[in-house]
Amino acid sequence: MGAGVSEVAAPVLDVARIRRDFPILSETVRGKPLVFLDSAASAQKPVQVIEAMTDTMRRQYANVHRGLHWMSERTSDAYEGVRDKVARLLNAASRDEIVFTRNSTEAINLVAHSYGRGVMTPGQAVVISEMEHHANIVPWQMLRDAHGIELRVAKITDAGELDLDSLASLLADGRVGLVALTHMSNVLGTITPAETIVSMAHAAGAKVLLDGSQAVVHRRVDVTALDVDFYVFTGHKLYGPTGIGVLYGKHALLEAMPPFMGGGDMIGTVSFEHTTWAEVPHKFEAGTPAIIETIGLGAAIDYVEAIGFDPISAHEAALTDHALARLATIDGLNVLGRAQQRGGVISFTLDGAHAHDVATLLDQSGVAVRAGQHCAEPLMRRLGIHSSARASFGVYTTEQEIDHFVDALDGARRLLVA
Amino acid sequence: MSTDATTLYQDWVLARARAPLHAGRIAGGVTGVAENRSCGDSVRFWLKRQDGRVVAARHETEGCAICQASADLIAGLAAGLNEDRLATLWEEACGVLESGVAPAGRQGDAGMLLGVFAGVAEYRARHRCAMLPYQAYEQAARAG
Ligand SMILES: Cc1ncc(COP(=O)(O)O)c(C=O)c1O
């Protein structure tokens with residue numbers, strides 16, 4: 001299904017044109033034009049994704065992998081075609097290394113279950129960091145409690161970067177089986193040094209999982225070049241639908257792992273005495289998959305690839321620089337983290353004002369930001385704050401929107417801060 | 001109904017949040033705490049009783065202006081009203097959160113509390129901010 005952004009391939013984004021692809025952006029909120037700065041929580045959807053999904057339901061839909069009839073075969077082709085697209089997106093060595101899940105959370109749980117309980121042995125350790133999303137903390141705590149795996153936490157620096165000395169010391173005793181780190185922080189925007197992490201971990205005999213939920217949206221990811229063992233992302237942040245996520249895993253690792261859930265589609269043969277598993281990746285995809293959502297994800301991948309990751313990264317870097325420069329002019333505003341490498345996510349606090357009050361006042365100006373703990377309570381504690389507000393940018397974000405946001409923020413400050 | 005910044009964040013709400021009248025602790029008082037895990041806000045209430053009646057109430061609140069103002073108003077009311085009347089007022093306040101309309105002609109802390117609740121009614125995500133302090137108060141009340 002072709003879902004291109006027509007022939008745009010210029011190094012600079014034609015944002016006005018891109019915005020026309022997102023119907024929701026012409027909605028109003030409380031009588032004001034919507035300024036959507038919450039894409040890091042979930043991105044809006046282009047009409048190409050919406051139509052790919054409705055077209056599937058209108059014209060070409062049946063269950064996959066089962067029917068011998070025309071509709072089922074065509075739907076299976078469309079569904080499996082997305083596996084090829086994801087493999088190309090991540091530059092995986094093989095399409096069989098792509099497992100569809102519900103979201104990043106399920107992908108991480110799959111690894112914690114099947115690799116953690118099935119391959120790792122009690123006494124080994126998992127390393128995470130202080131800047132993980134709860135999705136990359138809790139599954140490892142559950143593994144620790146169920147399977148005698150130690151959980152170690154790498155520190156971050158005050159600038160909000162991964163502390164590589166801390167990582168090195170946690171790896172030193174050779175007992176670490178898996179390093180599971182974010183590729184880009186959803187709070188600080190920090191992009192972590194994936195190549196360095198992988199080489200340090202591999203040198204210490206550990207495998208690496210990168211949580212690419214944020215990173216995959218902003219830059220090209222090459223799992224082969226990174227030599228990373230597992231990589232996860234979630235479709236709804238990449239302009240795709242909810243309900244579809246991806247686990248990339250090296251083939252040999254996926255082969256060695258027992259299934260996550262049991263049911264239809266993941267079996268070879270079944271008898272009451274004994275069942276054999278289907279081949280990788282189907283071994284990990286029990287039950288009827290999210291067919292329509294997967295096809296929607298395929299359209300989203302076509303969409304971002306037609307724009308191109310270089311222009312996307314350049315656009316978001318320019319927006320981030322602009323926003324940081326403008327935010328620096330607001331009295332009492334503190335941006336969290338100052339990583340050298342960062343994506344289009346900016347969290348901040350305002351002296352004398354609570355993030356909730358700031359967010360409500362911004363909402364009254366039509367500006368949607370996130371406020372709270374951003375599913376990263378331990379990070380908030382590390383930063384010594386209770387909550388923060390976060391503005392995040394996407395392909396459709398404009399400089400004018402950021403100016404509107406900063407002006408509204410300054411208005412909120414004048415009202416809230418005596 | 002639609003509120004703007006000036007109806008939700010009226011001067012007296014912000015003033016009360018900034019300079020609460022009943023912040024602090026009560027040595028030897030009973031205490032209760034409520035937290036909103038999604039945003040990190042927390043309220044701790046202290047109550048002191050004499051002959052079964054609440055004679056003093058204080059709170060320590062880490063939260064937004066709405067939560068701060070609500071906590072301080074409830075603390076003020078807890079020491080003045082008997083517990084049944086506060087419970088009745090609370091039910092009325094929850095009704096205002098649904099309707100968005102505060103009854104006319106109410107004075108003092110009760111009137112202000114109903115005013116805060118009317119202002120926040122439209123912002124569903126903020127209802128918990130307004131309601132959190134009462135949970136802490138109830139905990140403390142149950143504690144002794
Ligand atoms: C860094 C990071 N990891 C994991 C997740 C979880 O994504 P999902 O809820 O789609 O599983 C998110 C999104 O909230 C995220 O930002």
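Everything numeric in this text was worked out from a predicted model, so none of it was measured. (Residues numbered from 1 in each chain as written. Chains lettered and ligands numbered in written order. Predicted model: local features only at pLDDT ≥ 70, side-chain atom pairs only at ≥ 80, totals over all residues. Heavy atoms only, no water.)

A.B. asks: So what about the overall build of chain A? Which residues, and what values?
C.D. replies: Across its full length, chain A carries 15 helices and 17 strands. For chain A, whose C-alpha radius of gyration is 22 Å, the value lies close to the compact-globule estimate of 22 Å for 418 residues. For the C-alpha atoms alone, the extent of chain A along its principal axes is close to 75 × 55 × 35 Å. Taking all 418 residues of chain A together, 57% fall into the buried category. Restricting the contact set of chain A to residue pairs at least 6 apart, pairs at least 24 apart contribute 72%. When the 35 basic and 49 acidic side-chain charges of chain A are each reduced to a single mean position, those positions are 3 Å apart. (Helix = DSSP H or I, 4+ residues; strand = E, 2+ residues; numbered from the N terminus. Rg over C-alpha atoms; globule rule 2.2 N^0.38 Å. Buried < 20%, exposed > 50% of the residue type's maximum accessible area, 1.4 Å probe, protein only. Contact = heavy atoms within 4.5 Å. Lys, Arg positive; Asp, Glu negative; His and termini not counted. Charge placed at Lys NZ, Arg CZ, Asp CG, Glu CD.)

A.B. asks: Outline the sheet that holds strand β2 (residues 41–50) of chain B, listing residues and values.
C.D. replies: All names here are of chain B. A sheet is described by the order of its strands in space; here three strands give the open sequence β1-β2-β3, paired in antiparallel fashion. The open sheet terminates on both sides in strands that have one partner only, identified here as β1 (30–36) and β3 (53–62). Strand-to-strand, the axes of this sheet are offset by a mean angle of 15°, without reference to chain direction. Here β1 pairs with β2 via seven bridges, running antiparallel. (Pairing = 2+ DSSP bridges. Axes fitted to C-alpha atoms, helices over the stretch in contact; angles between N-to-C directions.)

A.B. asks: Now, about helix α5 (residues 108–120) of chain B: what can you tell me, with residues and values included?
C.D. replies: All names here are of chain B. The end-to-end C-alpha distance of α5, which contains 13 residues, comes to 19 Å, matching closely the 18 Å that a straight helix rising 1.5 Å per residue would cover. Within α5, ten of the 13 residues are buried, leaving the element largely enclosed by the surrounding structure. Burial in α5 covers these residues: Ala110, Gly111, Leu113, Leu114, Gly115, Val116, Phe117, Ala118, Gly119 and Val120. (Expected span 1.5 Å × (residues − 1).)

A.B. asks: How would you sum up the site of the ligand? Please name residues and give values.
C.D. replies: Residues and elements named next belong to chain A. For the ligand, the full set of nearby residues is Asn103, Ser104, Thr105, His133, Ala135, Asn186, Asp211, Ser213, Gln214, Thr234, His236 and Lys237. A distance of 2.8 Å separates an oxygen atom of the ligand from a polar side-chain atom of Gln214. Measuring from an oxygen atom of the ligand, one finds a side-chain N or O atom of Thr234 at 2.7 Å. Alone, the ligand offers 390 Å² of accessible surface; in the complex the protein occludes 88% of this. Here the shell around the ligand is composed, by residue class, of one nonpolar, nine polar and two charged. (Near = heavy atom within 4 Å. Polar contact = N/O pair within 3.5 Å; in protein donor to acceptor, adjacent residues only side chain to side chain. Areas by Shrake-Rupley, 256 points an atom, 1.4 Å probe, with all protein chains shown as cover. Nonpolar A, V, L, I, M, F, W, Y, C, P; charged D, E, K, R; others polar.)

A.B. asks: Can you tell me about the domain arrangement of chain A, naming the residues and giving the values?
C.D. replies: Residues and elements named next belong to chain A. Domain annotation for chain A reports domain 1 (15–41 + 309–417) and domain 2 (50–306). Of note, the centres of domain 1 and domain 2, computed from C-alpha atoms alone, are 28 Å apart. The interface of domain 1 with domain 2 comprises 35 residues on the first partner and 33 residues on the second. Summing both sides of the interface, domain 1 and domain 2 together bury roughly 2800 Å²; the carbon and sulfur share of this comes to 55%. Among the residues domain 1 hides against domain 2, the three largest losses belong to Phe309, Leu379 and Arg382. Together they make up 26% of the total. At the junction of domain 1 with domain 2, the criterion picks out two salt bridges. In this structure, the salt-bridge partner of Arg382 is Asp158, at a minimum N-O distance of 2.9 Å. Listing elements by their share of the side of domain 1 that touches domain 2, those giving two or more residues are α12 (309–327), β14 (345–350) and α14 (377–383). Here the side of domain 1 that touches domain 2 gets six residues from one element, more than from any other, and that element is α14. (Domains from an automatic or database assignment. Buried area = accessible area lost by both parts, 1.4 Å probe. Salt bridge = Lys/Arg side-chain N within 4 Å of Asp/Glu carboxyl O.)

A.B. asks: I'd love a proper account of the pattern of salt bridges, names of residues and values included.
C.D. replies: Opposite charge on two side chains permits them to pair, given that their charged atoms come into close proximity. Residues and elements named next belong to chain A. Taken as a whole and assessed by the stated rule, the structure comprises 33 salt bridges over all chains. The salt bridge partner of Arg390 is Asp38, with a shortest N-O separation of 3.5 Å. Separated by 352 residues along the polypeptide, Arg390 in strand β17 (residues 388–392) and Asp38 in the loop between β3 (35–36) and α2 (47–59) bring together distant segments of the chain. Each member of the pair Arg390 and Asp38 is classed as buried. Connected through salt bridges with shared partners, the residues Glu80, Arg83, Asp84, Arg95 and Glu285 form a single ionic network.

A.B. asks: Kindly report on the packing of aromatic side chains, identifying the contributing residues and their values.
C.D. replies: All chains considered together, the criterion is met by eleven aromatic pairs over all chains. Aromatic side chains Tyr239 of chain A and Tyr396 of chain A sit 5.8 Å apart centroid to centroid with 85° between the ring planes, which places their arrangement in the edge-to-face category. One end of the pair, Tyr239 of chain A, is in the loop between β9 (230–234) and β10 (245–249); the other, Tyr396 of chain A, is in the loop between β17 and α15 (399–416), and 157 residues separate them in sequence. In this pair, the class of Tyr239 of chain A matches that of Tyr396 of chain A, namely buried. Here Phe348 of chain A and Phe405 of chain A contribute two aromatic rings whose centre-to-centre distance is 6.0 Å and whose plane-to-plane angle is 50°, an arrangement assigned as tilted. Of the two residues, Phe348 of chain A is situated in strand β14 and Phe405 of chain A in helix α15; the sequence distance between them amounts to 57 residues. The same class applies to Phe348 of chain A as to Phe405 of chain A, namely buried. By way of ring pairs, the aromatic residues Phe45, Trp90, Phe117, Tyr134 and Tyr137 of chain B are connected into one cluster. The residue whose ring lies beneath Arg44 of chain B is Trp46 of chain B, and the NZ or CZ to ring-centre distance is 5.8 Å. (Phe/Tyr/Trp six-rings, centres within 6.5 Å; stacked < 30°, edge-to-face > 60°. Lys NZ or Arg CZ within 6 Å of the ring centre and 35° of its normal.)

A.B. asks: Provide a residue-level description of unusual backbone geometry, including the pertinent values.
C.D. replies: At the junction of Val280 of chain A and Pro281 of chain A, the peptide bond is cis and its omega measures out at 5° in the coordinates. In this model, Asn91 of chain A sits at a positive phi of 55°, which is unusual for a non-glycine residue. Relative to the helices and strands, Asn91 of chain A resides in the loop between α3 (70–90) and β4 (98–101). Of note in the backbone geometry, Asp51 of chain B takes a positive phi value of approximately 50° without being a glycine. Mapped onto the elements, Asp51 of chain B comes out in the loop between β2 and β3. We classify Asp51 of chain B as exposed; its relative accessible area is 82%.

A.B. asks: Describe the UniProt feature "domain: NIF system FeS cluster assembly NifU N-terminal" (unreviewed entry) in chain B, naming the residues involved and giving the relevant values.
C.D. replies: The feature "domain: NIF system FeS cluster assembly NifU N-terminal" (unreviewed entry), as annotated in UniProt, sits at residues 9–127 of chain B in this numbering. Taken as a whole, residues 9–127 of chain B contains 46% helix and 23% strand, while its terminal C-alpha atoms sit 14 Å from one another. (UniProt positions renumbered as here; feature names shortened; annotations may be inferred.)

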